[in-house]
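Structural features, examined
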Amino acid sequence: LVASIIVSIGYMLCILPGLLIMALVPTAAYLVAAGEQDGIHAIKRAWEAIKGNLLGAFLCMLVLGIIGNLGLILCFVGIIITLPMAFIGSYHMAKQLTDGGTVSA
């Protein structure tokens, strides 16, 4: 919830900041699933992981967003295929950014 609020505030600040931190939500969710006890700490660790590769994370989330939205174009039927692909892609992006759950500081 907190990460989504951060991204929403980024979108309100002229869209570009929201697009740049769009990868924060799946990365923080991955860290929580990987065993991070505190959500706020997971967001901080996710930001540390993302800020080292901000352009790559942005491009990955942009491509995954396009793939996810392609299913909507096909009368919502294609979303059965494209949305899981987008979720799997964001999982692998978060795993690569955090080196499997460990952030190198």
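Structure: see above.
This section reports on the structure supplied with the text. (Residues numbered from 1 in each chain as written. Predicted model: local features only at pLDDT ≥ 70, side-chain atom pairs only at ≥ 80, totals over all residues. Heavy atoms only, no water.)

One number sums up the size of the largest pocket: a volume of about 220 Å³. In terms of lining, the largest pocket is formed by Met 22, Pro 26, Met 61, Leu 64, Gly 65, Gly 68, Asn 69, Leu 83, Ala 86, Phe 87 and Ser 90. Secondary-structure elements contributing two or more residues to the lining of the largest pocket are helix H5 (54–73) and helix H6 (79–97). At five residues, the largest contribution of residues to the lining of the largest pocket is made by H5. (1 Å grid on protein atoms, 1.4 Å probe; cavity = no way out; pocket = protein on both sides within 12 Å on 5 of 7 lines; lining within 4 Å. Points joined across faces, edges and corners; volume = space filled by probe spheres on them. Helix = DSSP H or I, 4+ residues; strand = E, 2+ residues; numbered from the N terminus.)

Working definition: two side chains of opposite charge can pair if their charged atoms are close together. Across all of its chains, the model carries two salt bridges by this definition. Of the charged contacts in the structure, one is a salt bridge between Arg 45 and Glu 36, with a shortest N-O distance of 2.3 Å. Of the residues examined, Glu 36 reaches a relative accessible area of 15% and is grouped as buried. Across the salt bridge formed by Glu 48 and Lys 51, the nearest N and O atoms sit 3.4 Å from each other. Of this pair, Glu 48 and Lys 51 both sit in helix H4 (residues 39–51), three residues apart, which is roughly one turn of the helix. Among the residues examined, Lys 51 registers a relative accessible area of 45% and is labelled partly exposed. (Salt bridge = Lys/Arg side-chain N within 4 Å of Asp/Glu carboxyl O. Buried < 20%, exposed > 50% of the residue type's maximum accessible area, 1.4 Å probe, protein only.)

The next thing to look at is the nonpolar core. In terms of nonpolar packing, the biggest core is built from 17 residues, with Ala 23, Ile 50, Ala 57, Met 61, Met 93 and Leu 97 touching the most fellow members. Those elements that place two or more of their residues in this core are helix H3 (24–33), H4, H5 and H6. A per-element tally of this core places H4 first, with five residues. Those residues in contact with Ile 50 that lie beyond four places of it in its chain are Ala 23, Leu 24, Thr 27, Ala 57 and Leu 97. (Core = buried A, V, L, I, M, F, W, Y, C linked by side-chain atoms within 4.5 Å. Contact = heavy atoms within 4.5 Å.)

This next bit is on H3. Residues Leu 24, Pro 26, Thr 27, Ala 28, Tyr 30 and Leu 31 constitute the buried set of H3. Taken together, the buried residues of H3 touch helix H1 (2–12), H4, H5 and H6. One or two residues past the end of H3 sits Gly 35, with phi positive at roughly 120°.

Honestly, that's just the spatial picture; any functional story needs more than this.
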